[in-house]
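So the chains spell out like this:
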Amino acid sequence: METAMREATEADIPAILSLYAQLGQDDGTVLEPEDARRIWTRMATYPDYRIYVAIRETDVVGAFALLIMDNLAHRGTPSAVIEDVVVKQEMRGQGIGRRMMMFARKLCREKGCYKMAFSSNRNRTQAHRFYESLGFNIHGYSFSIETEAETR
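Residues numbered from 1 in each chain as written. Predicted model: local features only at pLDDT ≥ 70, side-chain atom pairs only at ≥ 80, totals over all residues. Heavy atoms only, no water.

### Description of the pattern of salt bridges
Applying the stated criterion across every chain yields a total of 6 salt bridges. As a salt-bridge pair, Lys-111 and Asp-48 come within 3.2 Å of each other at their nearest N and O atoms. In this pair, Lys-111 sits in the loop between α3 (96-110) and β5 (116-117) while Asp-48 sits in the loop between α2 (33-43) and β2 (49-56), placing the two residues 63 residues apart along the sequence. Between Glu-90 and Lys-88 there is a salt bridge, and its shortest N-O distance comes to 3.8 Å. The exposed category is assigned to Glu-90, whose relative accessible area is 55%. (Salt bridge = Lys/Arg side-chain N within 4 Å of Asp/Glu carboxyl O. Helix = DSSP H or I, 4+ residues; strand = E, 2+ residues; numbered from the N terminus. Buried < 20%, exposed > 50% of the residue type's maximum accessible area, 1.4 Å probe, protein only.)

This is the structure in structure tokens:
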């Protein structure tokens, strides 16, 4: 079955939120649709920050966010960060994630990015094997710290 890729639209927000709930993050809770729409509107003001979806027939079966950043380092060559990669639980293992990552890589090449990077929780060993099968290499360390930001 063919998987099509496209930039997400605001109408896709409920389906995207449903996918994010399957990740098990944040105790399985996701944004309320009206909060997601507010953030969606703000994201649209960024020059190269978009969410893309994988479509089978008419269903959203996967999603990822892609931020392409301008850089002063690397002689001004842009780089990309991927976030929130998810495939519908019952459709994992069918090549959808591979298709999404290849699509992201193509977008990055078209934008002239010198790298496409993401971080992954060290406990997600199955996901790591998947990314390595696509040719991704472990590069450096990923560090994070809780900022104790106020909840929205």
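Okay, back to it.
### A short note on the packing of helix α1 (residues 13-21) against α2
For the pair α1 and α2, the least separation of the axes is 10 Å and the interaxial angle reads 110°. Between α1 and α2, the crossing angle belongs to the class labelled roughly perpendicular. Of α2, the residues touching α1 (which contributes Ile-13, Pro-14 and Leu-17) are Pro-33, Ala-36, Arg-37 and Trp-40. Taken together, the residues of the contact of α1 with α2 break down into 6 nonpolar, no polar and 1 charged. (Axes fitted to C-alpha atoms, helices over the stretch in contact; angles between N-to-C directions. Parallel < 35°, antiparallel > 145°, perpendicular 65-115°, else oblique. Contact = heavy atoms within 4.5 Å. Nonpolar A, V, L, I, M, F, W, Y, C, P; charged D, E, K, R; others polar.)

### Quick look at the packing of aromatic side chains
Applying the stated criterion across every chain yields a total of 3 aromatic pairs. Geometrically, the ring pair formed by Tyr-52 and Phe-103 is edge-to-face, given 5.6 Å between the ring centres and 65° between the ring planes. Note that Tyr-52 is positioned in strand β2 and Phe-103 in helix α3, a separation of 51 residues in sequence. Owing to a relative accessible area of 15%, Phe-103 belongs among the buried residues under this scheme. Through pairs of rings, three or more aromatic residues link up here, namely Tyr-52, Phe-64 and Phe-103. (Phe/Tyr/Trp six-rings, centres within 6.5 Å; stacked < 30°, edge-to-face > 60°.)

### A few points about unusual backbone geometry
One non-glycine residue with positive phi stands out, namely Glu-57, at about 55°. The topology assignment puts Glu-57 in the loop between β2 and β3 (59-69). Positive phi values are uncommon outside glycine, yet Asp-84 reaches one of about 55°. Taking the relative accessible area as the measure of exposure, Asp-84 reaches 33% and is therefore partly exposed.

### A closer look at the pairing of β3
A regular strand places its side chains so that they alternate between the two faces of the sheet. Among the 11 residues in β3, 8 count as buried, and that is most of the element. One ladder, built from 8 bridges, connects β2 with β3; its direction is antiparallel. When the bridges of β3 are listed, Val-53 appears paired with Ala-63. Hairpin connection, β2 to β3: the antiparallel pair is bridged by 2 residues, and Glu-57 has positive phi, about 55°. Of the strand pairs in this sheet, β3 and strand β4 (residues 79-87) are connected by 7 bridges, and their pairing is antiparallel. When the bridges of β4 are listed, Gly-62 appears paired with Val-87. (Pairing = 2+ DSSP bridges.)

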